[in-house]
Amino acid sequence: MLRTFQADLHIHSCLSPCGDEAMRPQAIVHQALAMGLDMIAICDHNSAENVTAFVSAGSERGLTVLPGMEITSKEEIHLLALFDRPEECLALQELVYQNLPGENVEEVFGSQTVVNERDEALGTNRKMLIGATLLPLERIISFVNSLRGVTIASHIDRQAFSIVGQLGFIPEGILLDGLEISRRTSKEEAKKRFHSYQRFSFVRFSDAHHLGDVGKDFTYFLLEKTTSEEVKLALHHREGRGVVE
Amino acid sequence: MTVFDIAKSFGLETRAGKDHLAEEVTGGYASDLLSDVIAHSRKGNLWITIQTHPNIVAVATMKELAGIILTGGREPDPGTLQKAEEEGIPILVSPLFTFELAGRLYQKGISGLSPC
């Protein structure tokens, strides 16, 4: 049976250099439930080292956590990838790590903390996660598709790191599943401004870097259950699934 | 100066659009944000960028730019080359970084247009 699920599928953890240190599994799961969310996704910059801890923390409390990542393409476009299983996300991480130059400078960009499901720090990731990979956007999209993941272009209404800002417009024939609109742009404005992209579903997520922002923006999906496979169907309005306006 | 003259004087190698180098260059624009190039470049400009995605050809076509120079030794994506040949947009490459190349072009009289 189909029902409506409230989802915030773009949340950063303390692994992202720009993510607050308090963005740990127990804390985020607690906050997500308090905000009435049915499903979240953890999408750190160019890394998935915290997703397994978040999935465990979520399942203990009955909250679906999708393993995800926000990848920076060679063109400096931010792209969300969402999966059902951590292994798929870690396969993407392997490709990303092979194509991610540089070391993090903690004093400049922030700390990158790897945690377990009890919110305890296990260590520090030393890669420059804030940097861009050497991977062309379309290559990342086809790789994620081969893992049956979902791809959503991040905050397309922003100038920085968005597909529209970096590339001027969305290339024809690109196999994206959806477009994320940030809270800076209202629904009505987005409809007008991105009229030519109506073939895509528009979604809104918090892009939270602090606990207080978790669930501030969300999207209602009509799904049978809370999986990335179902989200993909919904983004393409297939089999009765959909994005609820 | 034409695109051909500039390619010759600055040691740029032509990767696409060899038959379209005769256009007179009206000035230069340097940016890697394609949305910015759409907003601010002018017809006949030579555009300096490090973006190599096929969309650069679409932007150059739309804005009727004289050509694209990729800097820092970057090479166009295969899809970009193909599209540039189809559209007749010259793509040139330089081992120099953007700042250096733009400075040298400016010294030789290729200027950016003032905003107003």
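Please refer to the structure placed before this passage.
Residues numbered from 1 in each chain as written. Chains lettered and ligands numbered in written order. Predicted model: local features only at pLDDT ≥ 70, side-chain atom pairs only at ≥ 80, totals over all residues. Heavy atoms only, no water.

Student: Is there a simple way to explain the layout of surface pockets in this structure?
Tutor: Residues and elements named next belong to chain A. In this structure, the largest pocket occupies an estimated 420 Å³ of space. Taken together, 20 residues form the lining of the largest pocket, with Lys187, Phe202, Val203, Val243 and Glu245 sitting closest to its centre. Elements represented by at least two residues in the lining of the largest pocket include exactly helix H7 (187–193), strand E9 (201–203), strand E10 (219–223) and strand E11 (242–244). The biggest single contributor to the lining of the largest pocket is H7, with 4 residues. Of the residues that constitute the lining of the largest pocket, the class distribution is 10 nonpolar, 5 polar and 5 charged. (1 Å grid on protein atoms, 1.4 Å probe; cavity = no way out; pocket = protein on both sides within 12 Å on 5 of 7 lines; lining within 4 Å. Points joined across faces, edges and corners; volume = space filled by probe spheres on them. Helix = DSSP H or I, 4+ residues; strand = E, 2+ residues; numbered from the N terminus. Nonpolar A, V, L, I, M, F, W, Y, C, P; charged D, E, K, R; others polar.)

Student: How should I be thinking about the sheet that holds strand E4 (residues 78–82) of chain A in this particular structure?
Tutor: Hydrogen bonding along the main chain pairs the strands of a sheet, whether they run parallel or antiparallel. Residue and element names in this part refer to chain A. Ordered in space as E9-E8-E7-E4-E3-E2-E1-E10-E11, the 9 strands form an open sheet in which the pairing is mixed. Unpaired on one side and paired on the other, E9 and E11 mark the two borders of the sheet. Pairs of neighbouring strands in the sheet enclose a mean axial angle of 35°, with direction left out of account. Where strand E1 (residues 3–11) and strand E2 (residues 39–45) come together, 3 bridges link them in parallel fashion. Across the sheet, the residue bridging to Ile11 is Ile42, located in E2. The sheet contacts of helix H5 (residues 137–146) involve strand E3 (64–72), E4 and strand E7 (150–153), and relative to E4 the element is tilted by about 5°. Contacting E1, E2, E3, E4, E7, E9, E10 and E11, helix H8 (residues 228–235) crosses the sheet at an angle of about 100° to E10. (Pairing = 2+ DSSP bridges. Axes fitted to C-alpha atoms, helices over the stretch in contact; angles between N-to-C directions. Contact = heavy atoms within 4.5 Å.)

Student: Teacher, can you tell me more about the interface of chain A and chain B here?
Tutor: Where the parts come together, the accessible area they lose is often given as the size of the interface. At the interface, 11 residues of chain A touch 12 residues of chain B. For the pairing of chain A and chain B, the buried interface totals around 980 Å² over both sides, and the portion due to carbon and sulfur atoms is 50%. Ranking the residues of chain A by area buried against chain B places Lys74, Leu167 and Phe169 of chain A at the top, with a combined share of 43%. At the junction of chain A and chain B, the tally comes to 1 salt bridge. For the salt bridge of Asp77 of chain B with Lys74 of chain A, the shortest nitrogen-to-oxygen distance reads 3.0 Å. Our count for the contact surface shared by chain A and chain B stands at 10 residue pairs in polar contact (both at pLDDT 80 or more). (Buried area = accessible area lost by both parts, 1.4 Å probe. Salt bridge = Lys/Arg side-chain N within 4 Å of Asp/Glu carboxyl O. Polar contact = N/O pair within 3.5 Å; in protein donor to acceptor, adjacent residues only side chain to side chain.)

Student: I keep staring at the packing of aromatic side chains and nothing clicks. Help me out?
Tutor: Geometrically, a pair of aromatic rings is defined through the distance of the ring centres and the angle of the planes. Residue and element names in this part refer to chain A. Across all of its chains, the model carries 4 aromatic pairs over all chains by this definition. Measuring from ring centre to ring centre gives 6.3 Å for Phe194 and Tyr197, while their planes differ by 25°; the resulting arrangement is stacked. Owing to a relative accessible area of 10%, Tyr197 belongs among the buried residues under this scheme. With a centroid separation of 5.3 Å and 75° between ring planes, the pair formed by Phe218 and Tyr220 is classed as edge-to-face. Judged by its relative accessible area of 29%, Phe218 falls in the partly exposed class. Tyr220 sits in the partly exposed class, given a relative accessible area of 35%. Lying across the ring of Tyr97, Lys127 places its NZ or CZ 5.0 Å from the centre. (Phe/Tyr/Trp six-rings, centres within 6.5 Å; stacked < 30°, edge-to-face > 60°. Buried < 20%, exposed > 50% of the residue type's maximum accessible area, 1.4 Å probe, protein only. Lys NZ or Arg CZ within 6 Å of the ring centre and 35° of its normal.)

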